[in-house]
Amino acid sequence: MIHFVLLISRQGKVRLTKWYSPYTQKERTKVIRELSGVILTRGPKLCNFVEWRGYKVVYKRYASLYFCMCIDEEDNALEVLEIIHHFVEILDRYFGSVCELDLIFNFHKAYYILDELLIAGELQESSKKTVARLISAQDSLVEAAKEQRSSISNIIAQATK
Amino acid sequence: MEQLKTIGRELAMGSQGGFGQSKEFLDLVKSIGEARSKAEEDRIVLHEIETLKRRIAEPDIPKRKMKEYIIRLVYVEMLGHDASFGYIHAVKMTHDDSLLLKRTGYLAVTLFLNEDHDLIILIVNTIQKDLRSDNYLVVCAALNAVCRLINEETIPAVLPQVVELLGHTKEGVRKKAIMALHRFYHKSPSSVSHLVSNFRKRLCDNDPGVMGATLCPLFDLISVDVNSYKDLVVSFVSILKQVAERRLPKGYDYHQMPAPFIQIRLLKILALLGSGDKLASESMYTVIGDIFRKCDSLSNIGNAVLYECICCVSSIYPNPKLLESAAEVISRFLKSDSHNLKYLGIDALGRLIKISPEIAEQHQLAVIDCLEDPDDTLKRKTFELLYKMTKSSNVEVIVNRMIDYMISINDNHFKTYIASRCVELAEQFAPSNHWFIQTMNKVFEHAGDLVNIKVAHNLMRLIAEGFGEDDDAADSQLRSSAVESYLLIIGEPKLPSVFLQVICWVLGEYGTADGKYSASYITGKLCDVAEAYSNDETVKVYAVTALMKIYAFEIAAGRKVDMLDECQSLVEELSASHSTDLQQRAYELQAVISLDARAVESIMPSDASCEDIEIDENLSFLNSYVQQALENGAQPYIPESERSGMLNISNFRSQDQLEVSMHGLRFEAYELPKPPVPSRIPPPLLAPSAELVPVSEPSYSRETHQVATVTSVSDAGSLELKLRLDGVQRKWGKPTYSSPASSTSNSSSQNTVNGTTQVDGAGNVNSKARTTYDSRRPQVEISPEKQKLAASLFGGPSQTEKRPTSASHKVAKASSHAAEKSQAPKAVVVSNEVTVEKTNHQPPPDLLDLGEPTVATSSAPLVDPFKQLEGLLDTTQVTSTVNHGAVGATESPDIISLYANTPASVQSSSAEISVPANKDDINVTSTLATQFTKGPNPKDALEKDALVRQLGVTPSSQNPNLFRDLLG
């Protein structure tokens, strides 16, 4: 079972957190601090797994972002590494070559996608197509509901206000 | 210009779907991104919290605005700050009719609330309503929330609806319903136990996603109760077969592998079902063999499936053919350059070794490489493997390695773990008492505060009882070696408390037993300890008790006792201590000293810590007194349990349980009040000591009784903890993971002289060299130390290398000769005779002298030891050639091409992006974003590109890949 998912930038900034096991806010902060200390300092050639407090943390670096998932000791670490990659591929397909910035400004969308991929700490869907279909169904509904107001001129007006 | 830049950035964001987000929020994200320190970030977030608190409380906020506030709250919470003031608004948002808002609300509550939060109860109603919705998206959103928020108490509220959704027309809903039930199972297994048939039905769902999801709860159910699912073996095997044959839709392929995640889950389930069941296992052999053959070993996911296959093979009833394939895969993993695969290889080796212990020997050098790898993760895994393959022949090397590593790390969690492993191995396989004591000393010295107190008690018990045989000489030798080593260590500063307790106890019990040390010497040391650790009460208690024992033994032996001055002052000081325990012991000490030899001997018999002490729990000797009191009209005693009706403390051994039950909450309902029974009213409480006083016994014997019980408390305490005695007794028994045959061959090869071991080694190697790798490559990269280590760990062929170097001239010659002609057994036999007589006169060869010139000149001036070594290496190191040669020559091109196809290479090139990014990561990344076509709109991209050019940032022409995004 996956206990939590963390996205941390190379500078140790948190980009996304999802907790499948109960942690208090204090514990969360501690976990993030501890893990980013361990993971960000690891060399590039070492293995993508860290044994930590009786759990295993699988991480992978994409550009300046670290995707980390914490799993049980006996879980298949390489499989989880591929789940991370699967997640990134879905993000990539959704955002159209995803970059850190997409995730910074649309973290809630990343959460929606993650919710379609993992549920209660287990992989619920391994087909990219199915995930994409569900997400776009949700989005199209959303699009229909909200008025189109994010025109460029609007933003420029805001910026120059 | 500045403004233009801002516009450019905004533009980039706008086109990425920063829909509806106000400038305020964008600014927040930006300023967080630009924050140089954690403190600055915290300041910004705190300011944001203030703003949000104010805004969110305003009346009549438009819903769209509210949604943004909620998202901002999520952001704040994500950064580790408390946003609990806004939780209620997120809860309210889930009530909204619009799906957009509802979804945001659900997202926020699933992120904010743990399942035990008070607000959950407010959401349950909404969830119930949404689960009934016509819109499947609403149902999905509600199910997501169910999976996160529903706790044991609220399961019944939604369970019927979730079960109903198992038959929903949309497969996405069915899947989520399954996962929700899986979650319920985790929370409270009994709540879904009646739904097992539903899971079985869903296994046959025509949507592969639903089928895949069903495997999760089934795995858990099967791991609890294997036997009631044996009938599903056939189904699982046939599903796995179909998956492996690519019968699933293309959408489930992942990197050209057919539905690998489902395959892995199925293999996990099969491993459970086939464990110890020959019949079930036999039906799996074919399909597992197929997967072994079909798996693409070049991709990560292929290797993940292969690894799962190995796990499965090592769990089910063994099949030689599958074991062979598994061993092959393991050797490929271990030879790989990738640390990930090495890690898996080591792990898999640890699993397979249980079934076929001989497989480890082939990989000895790879294992040692991993042990010395700078990567901590790999190292730890390797220690885990070593732990599994420990036997009495290699325990010393392994435990020493573990202790060295334990000393070098700071991670307390792992330190504790490795310390307990060391203790366990030492208890099981210790080759000698002396070694055992030394090892325990080291463990205690470096990790004393981390090991379980039971380990210390176990050690004391072991020293007291000996090793279980009726060999008093060996036991007393063990004790004196322990005393000796403790006297050496005791002076070291800052010893852990647990260790000091052991030291004090052993010194008190056996310090003067063998007559080597005088009582005054030992007592002096004990006083030093008590003074040096004056704020550790437990240590002082142990020290005083030890003092008392030593004096008692002295008196009993008829010697005159003169207390040292420091001792005297220590006892005086302690008799005024705040701790009553210490005080009592100090007074007892003084009382004991003033008694005569006969009395002392009966109070404190020498070496009686193992004697069973009979404790009359019923205090039957008081019966007559009680009887008399009752006749005189006293009220009968009512046990405390009946008086208070709460806790049962009749058994004083259950002290731990008592403590637990006192601290924990009571969950059962309170009993109904009992009707008052007048005769049962408790008598005025008698203090327990008051009961004792009137007993008409001579005060002398009473005192002895008391003292005896005091000492027995500590002994009884250590006795009662019921330590791993079985482990101790197993010490000389069978080694765990090696068959007796292999271990004897090891020891015999150790004892035999060079020539024969040579043959042995060569023979081994030849059998291993079945594979056709070229063994002629020079083996410079393998250091002799490594081979030595390998030999001591595995007892394998490389053992031969080290011997000749330090042996005599002739032996060296003979052995090098033997090495050159190891194929010809005759030559070996001839040299064998020479070596037999020679080595008999030689001192045991010292392996460490390898490089020292003195040895070289004195023993073999003409023979270069290194040359001999090379000669040996040529023949004996086939395994290592396989390691290095094969990877270097044959596999590397494949690997390179593999990496060219996977994002790993992109990763490394795109990593360069982040080099400038640390200055201002938002800035750079946002310009990055503008440079590349985001989304489908080429016009936007062109505009952005133009903007970027204006801003003066041009992409490097040398490396067009540089500005690729995450995936390229």
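Residues numbered from 1 in each chain as written. Chains lettered and ligands numbered in written order. Predicted model: local features only at pLDDT ≥ 70, side-chain atom pairs only at ≥ 80, totals over all residues. Heavy atoms only, no water.

Looking now at the overall build of chain B. When its secondary structure is counted, chain B shows 51 helices and 0 strands. A buried classification covers 52% of the 968 residues belonging to chain B. Considering only contacts within chain B whose residues lie at least 6 apart along the sequence, 70% involve residues at least 24 apart. As presented, chain B carries roughly 46,300 Å² of accessible surface, and 54% of it is formed by carbon and sulfur atoms. (Helix = DSSP H or I, 4+ residues; strand = E, 2+ residues; numbered from the N terminus. Buried < 20%, exposed > 50% of the residue type's maximum accessible area, 1.4 Å probe, protein only. Contact = heavy atoms within 4.5 Å. Areas by Shrake-Rupley, 256 points an atom, 1.4 Å probe, with all protein chains shown as cover.)

Next up on the list: helix 2 (residues 77-95) of chain A. All names here are of chain A. Here helix 2 is 19 residues long and its end C-alpha atoms lie 27 Å apart, about the 27 Å a rise of 1.5 Å per residue gives. Two or three places before Leu78, at the start of helix 2, stands the capping residue Asn76, its side-chain oxygen 3.2 Å from that residue's backbone nitrogen. The first or second residue beyond helix 2 is Gly96, which carries a positive phi of 75 degrees. (Expected span 1.5 Å × (residues − 1). Polar contact = N/O pair within 3.5 Å; in protein donor to acceptor, adjacent residues only side chain to side chain.)

Attention now goes to the pattern of salt bridges. Oppositely charged side chains may form a pair once their charged atoms are brought near each other. Residues and elements named next belong to chain B. This model, assessed by the stated rule, comprises 38 salt bridges over all chains. For Asp96, the salt bridge goes to Lys63, with nearest N and O atoms at 3.1 Å. Placement of Asp96 in the loop between helix 5 (87-94) and helix 6 (99-112) and of Lys63 in helix 4 (residues 63-78) is noted, with a sequence separation of 33 residues between them. The exposed category is assigned to Lys63, whose relative accessible area is 51%. Beyond isolated ion pairs, a larger network of salt bridges with shared partners links Glu24, Glu48, Arg55, Glu68 and Arg72. (Salt bridge = Lys/Arg side-chain N within 4 Å of Asp/Glu carboxyl O.)

Bringing a negative patch on the surface into the picture now. Residue and element names in this part refer to chain B. A contiguous patch of negative charge on the surface is contributed by Asp528, Glu531, Asp565, Glu566 and Glu573. Looking at the negative patch, the elements that each hand over two or more residues are helix 28 (519-532) and helix 30 (565-575). A per-element tally of the negative patch places helix 30 first, with 3 residues. In this fold, Glu531 is placed in helix 28. The partly exposed category is assigned to Glu531, whose relative accessible area is 42%. (Patch = residues over 30% accessible without salt bridge, like charges linked within 9 Å, V, L, I, M, F, W, Y side chains within 5 Å. Lys, Arg positive; Asp, Glu negative; His and termini not counted. Charge placed at Lys NZ, Arg CZ, Asp CG, Glu CD.)

Attention now moves to the confidence of the model for chain B. Residues and elements named next belong to chain B. Overall, the prediction assigns chain B a mean pLDDT of 70, with 64% of residues at 70 or greater. Below a pLDDT of 50 lies the segment residues 796-866, which in the model reaches 94 contacts outside its immediate sequence neighbourhood of four places, other chains included. The model gives residues 946-965 a pLDDT under 50, and that stretch makes 32 contacts with residues more than four places away or in other chains. Two numbers describe this predicted complex: its pTM, 0.64, and its ipTM, 0.88. (pLDDT = per-residue confidence, 0-100.)

All names here are of chain B. Among the structural elements, Leu221 can be located in helix 12 (residues 208-224). Linking Leu221 and Pro189, residues 32 residues apart in sequence, is a C-alpha distance of 9.0 Å. The contacts of Leu221, once residues within four sequence positions are left out, are Tyr185, Val196, Phe199 and Tyr229.

Let us now look at the packing of aromatic side chains. With the rule as written, the count across this model stands at 23 aromatic pairs over all chains. Taking 6.2 Å as the distance between ring centres and 40 degrees as the angle between the ring planes, the aromatic pair formed by Tyr59 of chain A and Tyr66 of chain A counts as tilted. Taking the relative accessible area as the measure of exposure, Tyr59 of chain A reaches 5% and is therefore buried. Judged by relative accessible area, Tyr66 of chain A falls into the buried class, the value being 5%. The interplanar angle of 75 degrees and the centroid separation of 6.0 Å between the aromatic rings of Phe67 of chain A and Phe87 of chain A together place this pair among those described as edge-to-face. With Phe67 of chain A in strand 5 (residues 65-72) and Phe87 of chain A in helix 2, the pair connects residues that are 20 residues apart, well separated along the chain. What makes Phe67 of chain A buried here is its relative accessible area of 2%. Seen from the ring of Tyr112 of chain A, Arg103 of chain B lies directly overhead, with NZ or CZ sitting 3.7 Å from the centre. Its guanidinium or amino end placed over the ring of Tyr136 of chain B, Lys170 of chain B lies 4.5 Å from that ring's centre, counting from NZ or CZ. (Phe/Tyr/Trp six-rings, centres within 6.5 Å; stacked < 30°, edge-to-face > 60°. Lys NZ or Arg CZ within 6 Å of the ring centre and 35° of its normal.)

This paragraph deals with the pairing of strand 5 of chain A. All names here are of chain A. Across the 8 residues that make up strand 5, a large majority, 7, are buried. The pairing of strand 1 (residues 2-9) with strand 5 spans 7 bridges and is antiparallel. Bridge pairing in strand 5 links Ile8 to Tyr66. As paired elements, strand 4 (residues 55-62) and strand 5 share 8 bridges and run antiparallel to each other. Counted as the bridge partner of Val57 is Cys70 from strand 5. Counted between consecutive antiparallel strands, the loop separating strand 4 from strand 5 contains 2 residues, among which Ala63 sits at a positive phi close to 50 degrees. (Pairing = 2+ DSSP bridges.)

A separate point is the sheet that holds strand 4 of chain A. Residue and element names in this part refer to chain A. In space, the 5 strands of this open sheet follow the order 2-1-5-4-3, with antiparallel pairing throughout. Edge strands, defined here as strands with exactly one partner in the open sheet, are strand 2 (14-19) and strand 3 (49-52). With direction set aside, neighbouring strand axes in the sheet form an average angle of 20 degrees. (Axes fitted to C-alpha atoms, helices over the stretch in contact; angles between N-to-C directions.)

If you check the backbone angles, Arg53 of chain A has positive phi at about 50 degrees while not being a glycine. Residue class for Arg53 of chain A comes out partly exposed when judged on its relative accessible area of 33%.

Another point: the environment of Gln501 of chain B. Residue and element names in this part refer to chain B. By the secondary structure assignment, Gln501 is in helix 27 (residues 497-510). Under the relative-accessibility criterion, Gln501 is labelled buried at 6%. With 41 residues separating them along the chain, Gln501 and Tyr542 place their C-alpha atoms 5.9 Å apart. With near-sequence residues (within four places) excluded, Gln501 lies in contact with Ile453, Thr538, Val539 and Tyr542.

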